[in-house]
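# Reading the structure
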Amino acid sequence: MTAPIALSCVTIDSADPRRLAEFYAALLDWRIMHSEDGYALITDGKSVLCFGFVEGHTAAPWPDSPAQAKRVHLDLNVADIDQATDLAVSLGATIPEFQPGLNPDWDNQLPWGIVLDPEGHPICLNLRE
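Residues numbered from 1 in each chain as written. Predicted model: local features only at pLDDT ≥ 70, side-chain atom pairs only at ≥ 80, totals over all residues. Heavy atoms only, no water.

As named in an unreviewed UniProt entry, the protein is VOC family protein, taken from Nocardia terrae.

Structure, rendered in structure tokens:
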């Protein structure tokens, strides 16, 4: 029998962990558990999202670039893409021009939108009924 393995948290590289923790805590309605210049983490009481300082960090471009592909991004389920987008923008996100999921061209695929967090990491806002 092997020892159980469980995910502790996902850590996002950041130039400003405090700022990203504040953004995601407000966006997700989570609370900040810890915040300092080098590291911050937020939770909803079950899941944890962390932000770690990386000197000179910049997010990979959206859409992907052959020179610098994205490494990881978050997908969030939302009841209304426009409302979620408006909230994210009010908190400091931006809306990129490239939006491949607003009108998906395959069967049974619900739409999704993209916003970029304050440092430029993409967030998929997936419509869920």
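After that view, the rundown keeps rolling.
### Quick word on the packing of aromatic side chains
Scanning the model with the defined rule gives 3 aromatic pairs in all. Plain terms: the ring middles of Tyr24 and Phe51 are 5.5 Å apart, the flat faces sit at 20° to each other, and that makes the pair stacked. Of this pair, Tyr24 sits in helix H1 (residues 17-28) while Phe51 is found in strand S4 (residues 48-53), placing the two residues 27 residues apart along the sequence. Accessibility assignment for this pair places Tyr24 and Phe51 in one class, buried. Summarising the aromatic geometry, the rings of Trp62 and Phe98 are spaced 5.6 Å apart at their centres and angled 40° between planes, so their arrangement reads as tilted. Of this pair, Trp62 sits in the loop between S4 and strand S5 (74-78) while Phe98 sits in the loop between helix H2 (81-90) and strand S6 (112-116), placing them 36 residues apart in sequence. Linked through ring pairs, Phe23, Tyr24 and Phe51 together constitute an aromatic cluster. (Phe/Tyr/Trp six-rings, centres within 6.5 Å; stacked < 30°, edge-to-face > 60°. Helix = DSSP H or I, 4+ residues; strand = E, 2+ residues; numbered from the N terminus. Buried < 20%, exposed > 50% of the residue type's maximum accessible area, 1.4 Å probe, protein only.)

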